[in-house]
Every structure is written in structure tokens, then in C-alpha cells.
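The primary structure of each chain is shown beneath.
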Amino acid sequence: MHGLNLDADLFFKSFVTMVAIFDPLGGVPVFLALTSDLEERKRKQAALQAVGVAAAVVIVFALFGQPILSSLGISVEALQVAGGLLLVLVALELLRPEGDQSRAAPKGNVALVPLGTPLLAGPGAIAATMLYMRRAANFGGALSVVGALVVALLVVGIALRYSTAIARVLKGDGIDLVSRVMGLLLTAIAVQLVATGIASWIHHGI
């Protein structure tokens, strides 16, 4: 069945974008700060819960966000430009210093809020997922996007689960370097999205 063929190019682009947005290594210091009062076993449970919540939120928007946009009359180009601008803001957060991350963890289950959402499943991740779902030409393409999202979240889950060891190996400077690289990559992706949307408007009209 041709419609079930996976789209390798769409999978790769979705995966790279989502990993850049999630920034697994950059999130390690934040995760450790928010779970500083938990023992190691509960910290690993919190990592699993956070990834599960993020997956649920983003997949819900991936599956049901399109009908909402259609009912509002929002075009693919508008979503591209808006998503690109939003990703620029996310990229700027990665490129600039994080400041003091030793703040005390908020009350309640931090795996749900703020880790699961909005730190992982934030506006940038939701917009990017919906954008790539709009690019999927068939069920195979949509499955490729969902698969890329799942693999990206798996990477995040591994980074959070072994956050203590990662922080010990990379230290602050190493994590900052990775975050800056991810920020630069995400900026390029965002600019390309905006440029593509504007070019389509110029050729086909708004």
C-alpha cells in the first residue's frame, strides 16, 4: 500500500527539529534543580512521567490540531510563519545564558508541571509537530512524524533518567555548549520555515 510508505526525509527533519526544541542535555540542570529533593529512584520515575505527559500533550495536538486550524481558516503558510517565529523565540532561550537554575522546586508533582508541560511540551514543540503533520501527504507521512516525535522523546527520557551522570561528565560548560549548538540549529530551521511560508504567499497569494 503506497499510502503506508514512511517518509524518511520528513522523519529526519521532524526528529532534528524536535530534538533541538526539547534540548535534552540543556534540560538536565533544570531537571536536577526541580527534582533536587527526590531520591534517585523517584527522580527516574519523574523523568518517565515528564516524558509521558509531554508525549500525550503533543500527540493530542498532532492528531486533533489540524481540524481546529481548518475550522478557524488558518492556512499552511500562516502556520509555517507563526511556527517559525515561535521557534526563533525558543532558539533565543537556548542561545542565551539560563541564569540561576538552583531555584527551589515548586510544590506538587513537578513531572507534570512544569517538566512535562510547558518545559517539554511547550508552544514550540506543539507548533512544530502540527506544522510537520500538515506537511505529511498521507498516513505514512503522518506516521513518520509521530515516529520522529516518539524517538525524540525517547532521547529526552534517556537524558533525564541519567541526568546525574550526564551532569557529572559534561559539567556546566559542556551542557551550555550543546545548548548553544542546538539553538543555532533551531534558528536556521525557524528562518527556513518563515522564508518558505513568505515565498509561498508571494507566489500564490495570501
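All figures in this text were calculated on a predicted structure; none of them were measured in a lab.

1. Focus on the pattern of salt bridges
So, point 1. In total, this model carries three salt bridges according to the counting rule given.
So, point 2. Where R41 meets E39, a salt bridge forms, and the shortest distance between an N and an O atom there is 3.4 Å.
So, point 3. E40 is the partner of R43 in a salt bridge, and the nearest nitrogen-oxygen pair spans 3.8 Å. Taken together, the residues R43 and E40, both in helix α3 (residues 40-72) and three residues apart, mark about one turn of the helix.
So, point 4. Exposure remark for R43: the relative accessible area of 11% places this residue in the buried category.
So, point 5. A relative accessible area of 36% means that E40 is categorised as partly exposed.

2. Points about the side chain of T35
So, point 1. Along the polypeptide, T35 turns up in the loop between α2 (28-34) and α3.
So, point 2. Those residues in contact with T35 that sit more than four places away from it in its chain are R43, A46, V110 and L115.

3. A look at the side chain of S14
So, point 1. Mapped onto the secondary structure, S14 falls in helix α1 (residues 8-22).
So, point 2. Reaching out from S14, the side chain makes a polar contact with the backbone oxygen of L10 at a distance of 2.7 Å.
So, point 3. The contact partners of S14, leaving out residues within four places of it in the chain, are Y132, V145 and A148.

4. Describing unusual backbone geometry
So, point 1. Of the consecutive residues V113 and P114, the connecting peptide bond is found in the cis state with omega at 15°.
So, point 2. By the element assignment, P114 lies in helix α5 (residues 111-120).

5. Things to note about helix α7 (residues 139-161)
At 3.6 residues per turn, the α-helix brings residues three or four places apart onto the same side.
So, point 1. Its 23 residues give α7 an end-to-end C-alpha distance of 32 Å, which sits within 8% of 33 Å, the value for a rise of 1.5 Å per residue.
So, point 2. At the N-terminal boundary of α7, the capping side chain belongs to N138, with an oxygen 3.1 Å from the backbone nitrogen of G140.

6. Observations concerning the packing of aromatic side chains
So, point 1. Scanning the model with the defined rule gives one aromatic pair in all.
So, point 2. Pairing F11 with F15 gives two aromatic rings, centres 6.4 Å apart and planes at 0°, and the pair type is stacked. Within this pair, F11 and its partner F15 are both found in helix α1, separated by four residues, close to a single helical turn.
So, point 3. A residue is classified by how much of its surface remains accessible, and F11, at 32% relative accessible area, is partly exposed.
So, point 4. Seen from the ring of Y162, R161 lies directly overhead, with NZ or CZ sitting 5.9 Å from the centre.

The rules behind the values
- Residues numbered from 1 in each chain as written.
- Predicted model: local features only at pLDDT ≥ 70, side-chain atom pairs only at ≥ 80, totals over all residues.
- Heavy atoms only, no water.
- Salt bridge = Lys/Arg side-chain N within 4 Å of Asp/Glu carboxyl O.
- Helix = DSSP H or I, 4+ residues; strand = E, 2+ residues; numbered from the N terminus.
- Buried < 20%, exposed > 50% of the residue type's maximum accessible area, 1.4 Å probe, protein only.
- Contact = heavy atoms within 4.5 Å.
- Polar contact = N/O pair within 3.5 Å; in protein donor to acceptor, adjacent residues only side chain to side chain.
- Expected span 1.5 Å × (residues − 1).
- Phe/Tyr/Trp six-rings, centres within 6.5 Å; stacked < 30°, edge-to-face > 60°.
- Lys NZ or Arg CZ within 6 Å of the ring centre and 35° of its normal.

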